[in-house]
Amino acid sequence: GELVKLGDVAAETDEILVDDAPLPAVGKFLYLMLHKPRGYVTTLSDEKGRKTVELLVRDCGQRVVPVGRLDMDSEGLLLLSNDGAFVQAMTHPSHVINKVYEALVSGYAPGKERQLAEPVVLDGYRIRPPKVRLLWVKNEKAALEITIHEGRNRQIRKMAALCGMQVKRLRRIAEGAVRLGDLPVGKWRFLSEAELQMLKCESTREQN
């Protein structure tokens, strides 16, 4: 019944709620999604002193690690967990978890969305053809919805550069069947049991 502040200590008999939901007991696996803001690195510590996503989820009750990455200039859905087997299954290269992004680009010209959807070689690796949908166009600026299958380092930015476009803003809105929805920037929530089961099913589906 009391609102706590940073530094408060709980007793074993205390009931702790986050957004009216009970905090899982110590020792249980946690699965959560964060709406990562721009300007945060996807690590738990940074030797350069930059802000990390750990600062945003430290009130979840346990130490969790990012599932995959979002570069510092990107924002949107980021999964975190303390379940090592889940993290491994979600990030293993032999499995496919589709990731959906909204990208604001400059340098757009008619037809570049089709060019972007073609398979290319990035850093010596031939990526699977992404799905690209044009959302809107204003002069040489455009918004694109892009679904990729690998999630390699700065993949969408590199793909766009090969097509003569520059990504001005990039936001991940879905990973597998889990969608970011209206989760506020900088906030996190626990995954529902249904979301978790869908992700586990998708992470065991090997790529063709």
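Residues numbered from 1 in each chain as written. Predicted model: local features only at pLDDT ≥ 70, side-chain atom pairs only at ≥ 80, totals over all residues. Heavy atoms only, no water.

Draft legend 1. Examining the overall build of the protein chain more closely. The number of helices and strands found in the protein chain is five helices and 13 strands. Across the 208 residues of the protein chain, 41% fall into the buried class. Across the protein chain, every contact between residues at least 6 apart in sequence was considered, and the portion connecting residues at least 24 apart equals 68%. Accessible surface for the protein chain amounts to roughly 12100 Å². Of this, 51% is attributable to carbon and sulfur atoms. Side-chain charges of the protein chain comprise 32 positive and 28 negative groups, with the mean position of each set lying 9 Å from the other. (Helix = DSSP H or I, 4+ residues; strand = E, 2+ residues; numbered from the N terminus. Buried < 20%, exposed > 50% of the residue type's maximum accessible area, 1.4 Å probe, protein only. Contact = heavy atoms within 4.5 Å. Areas by Shrake-Rupley, 256 points an atom, 1.4 Å probe, with all protein chains shown as cover. Lys, Arg positive; Asp, Glu negative; His and termini not counted. Charge placed at Lys NZ, Arg CZ, Asp CG, Glu CD.)

Draft legend 2. Summary view of unusual backbone geometry. Even without being glycine, N139 reaches a positive phi, approximately 60°. Residue placement: N139 occurs in the loop between β9 (131–138) and β10 (141–148). Here N139 falls in the exposed class, since its relative accessible area comes to 70%.

Draft legend 3. Just helix α5 (residues 193–203), in detail. Among all positions of α5, only E195, L196, L199, E202 and S203 are buried. The arc enclosing the buried residues of α5, seen along the axis, measures out at 130°, which places them on a common side. Facing away from the buried side of α5 by over 90 degrees, the exposed positions are E193 and C201. In this structure, the buried residues of α5 make contact with β3 (31–36), β5 (75–81), α2 (84–91), β11 (166–175), β12 (178–179) and β13 (188–190). (Arc of directions from axis to C-beta.)

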